[in-house]
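# Commentary on secondary and tertiary structure
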Amino acid sequence: MNNTFRVGNLFGIPFYVNASWFLVLGLVTWQYGGALAGLFPTLGPVAPWLLGLFAALLLFASVLAHELGHSWVAIKQGIGVKSISLFLFGGLANLERESKTPAEAFWVAIAGPLVSLFLSGLLTAIGVGAALTGPAAAIVQLLASINLALALFNLIPGLPLDGGNILKAIVWKITGNPYKGVIFASRVGQIIGWIAIATGIFGNIWNLVIGWFLLQNAGQSAQYATVQNKLAGLTAADALSAESPIVPENLSLREFANNYVIGSTHTWRRFLVTDDAGQLVGAIDLDDIKTIPTGSWPQVLVKEILKPIEFSTTVKPELSLLEVVSLFEQLKVQELPVIRENGVLVGLVEKAEIARLLQKQAEANPA
């Protein structure tokens, strides 16, 4: 997230604050400090603003507790939490991966609202049981109300809100497809966003802001899930690079140049070399053959100048493209060899080829 500053760790989780947080901190301090000054004129000229700042910080502590609720349940499921960030619209717990089952996804999603509901009830009980009066009672009542509103707002059934993630888990359970759950919950989020904007036109600026936020994020979630759903339905074999750069080791350099380089429409700089059984034995670069006099090319075989090659990871033809893309990101690579169970190399799968495959599908099946 842009303009975000790391301010420390919480239970080992990196904690960030976005620049927009300071804007909200100032607005809440100004608004509530002014309200306290009007309600309790005996506080003097400074105390109301200090109490307003204190209330604003407690507000964000409530948001932080909400996100820690999500994080705690995720950690219990073995999911790492990359960070927690506070920003204009609240907070965000950035998880390393999604839950493995709809039930687990449901509990991660609902944990935040449950924490907020608990805090609202606790603060209400403290306010009543301790018989608080004056500014202390006002602040406790405010925080109880804010935590209740935080829980109820987040339970709205549209992504990216917690209620949307709960809806996603329910649709996932019904359909057996997590991406259909995301798409459905995102569409609901977009509908709610349009409703918020429509009502905000009549003077409620916060509805406009919230509606825009929902539309932007829900739309992105829907697009991302649509791509993931397509990738999950395709395999590495579906995205093999056309004319994958594979040559047999017993080919002469002259045959290699004539058959694979001269006149080729592809601009491969490196070719994978296989033995008689079709198994990967190394690679040859175009620059390598330049070291051999052209007059010797008919006598020199590819296997004589090939170089050993190591791929830390190979993929099976039946592996889903969603998992292949995940490997690309983990390994920071652009291509991976596709090898059958018997070790035979069948081709390369590249990021660029996957993108082209998705583009062709989109053109063949326009939305």
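Residues numbered from 1 in each chain as written. Predicted model: local features only at pLDDT ≥ 70, side-chain atom pairs only at ≥ 80, totals over all residues. Heavy atoms only, no water.

## A few points about the environment of L39
Turning to its location among the elements, L39 is positioned in helix α1 (residues 19–39). We classify L39 as exposed; its relative accessible area is 61%. Sequence-wise, L39 and A138 are 99 residues apart; in three dimensions their C-alpha atoms are separated by 9.5 Å. (Helix = DSSP H or I, 4+ residues; strand = E, 2+ residues; numbered from the N terminus. Buried < 20%, exposed > 50% of the residue type's maximum accessible area, 1.4 Å probe, protein only.)

## Points about helix α7 (residues 205–232)
For α7, with 28 residues, the first-to-last C-alpha span of 40 Å sits near the 40 Å given by 1.5 Å per residue. Along α7, the positions that sit buried rather than exposed are G211, F213, L214, L215, A218, G219, A222, A225, Q228 and L231. (Expected span 1.5 Å × (residues − 1).)

## Some points on a nonpolar patch on the surface
Together, W107, L114, L117, L148, L152 and L155 give the surface a local cluster of nonpolar side chains, amounting to about 530 Å² of exposed area. Where the nonpolar patch is concerned, the elements lending two or more residues are α3 (102–129) and α4 (134–154). Take the nonpolar patch: its biggest share by element is three residues, from α3. Positionally, L148 belongs in helix α4. (Patch = residues over 30% accessible without salt bridge, like charges linked within 9 Å, V, L, I, M, F, W, Y side chains within 5 Å. Areas by Shrake-Rupley, 256 points an atom, 1.4 Å probe, with all protein chains shown as cover. Salt bridge = Lys/Arg side-chain N within 4 Å of Asp/Glu carboxyl O.)

## A look at the pattern of salt bridges
All told, the structure shown has five salt bridges when counted by the stated rule. The closest approach of N and O atoms between K168 and E98, which form a salt bridge, is 3.1 Å. On the criterion of sequence distance, the pair formed by K168 in helix α5 (residues 162–175) and E98 in the loop between β4 (90–95) and α3 is long-range, its members being 70 residues apart. Note on K168: relative accessible area 7%, which makes it buried. In this structure, E329 engages K351 in a salt bridge whose closest nitrogen and oxygen atoms are separated by 3.2 Å. Taken together, the residues E329 in helix α11 (residues 321–331) and K351 in helix α12 (residues 351–364) connect sequence positions 22 residues apart. Judged by relative accessible area, E329 falls into the partly exposed class, the value being 42%. On the basis of relative accessibility, which here comes to 28%, the residue K351 falls in the partly exposed class.

## Things to note about the environment of E323
Its place among the elements puts E323 in helix α11. Here E323 falls in the partly exposed class, since its relative accessible area comes to 44%.

## Describing the sheet that holds strand β3 (residues 81–87)
Across the sheet, four strands lie side by side as β1-β2-β3-β4; this open sheet has mixed pairing. With one partner strand each, in any of the chains shown, β1 (4–10) and β4 form the two edges of the open sheet. Taken pair by pair, the neighbouring strands of this sheet meet at an average axis angle of 25°, ignoring direction. In the sheet, strand β2 (residues 13–18) pairs with β3 via three bridges, with the strands oriented parallel. (Pairing = 2+ DSSP bridges. Axes fitted to C-alpha atoms, helices over the stretch in contact; angles between N-to-C directions.)

## A short note on the sheet that holds strand β5 (residues 246–248)
Reading across from one edge, β5-β6-β7 is the order of the three strands in this open sheet, with mixed pairing throughout. Looking at which strands have only one partner, the edges of the open sheet turn out to be β5 and β7 (280–285). In this sheet, adjacent strand axes meet at a mean angle of 35° when their direction is disregarded. Summarising the sheet, β5 and strand β6 (residues 270–274) pair through three bridges and their orientation is parallel. Residue V247 lies in a different strand from β6, and its bridge partner there is V273. In this fold helix α8 (residues 253–261) packs onto β5, β6 and β7, with an angle of close to 150° to the strand it touches most, β5. (Contact = heavy atoms within 4.5 Å.)

## With respect to the packing of aromatic side chains
Aromatic rings in a pair are described by how distant their centres are and how their planes are angled relative to each other. By the definition in use, this model includes three aromatic pairs. On the basis of an interplanar angle of 80° and a centroid distance of 5.2 Å, the ring pair of F106 and W107 is categorised as edge-to-face. F106 gets classed as partly exposed once you look at its relative accessible area, which sits at 26%. Among the residues examined, W107 registers a relative accessible area of 49% and is labelled partly exposed. Aromatic ring contacts, followed pair by pair, group F256, Y260 and F271 into a single cluster. (Phe/Tyr/Trp six-rings, centres within 6.5 Å; stacked < 30°, edge-to-face > 60°.)

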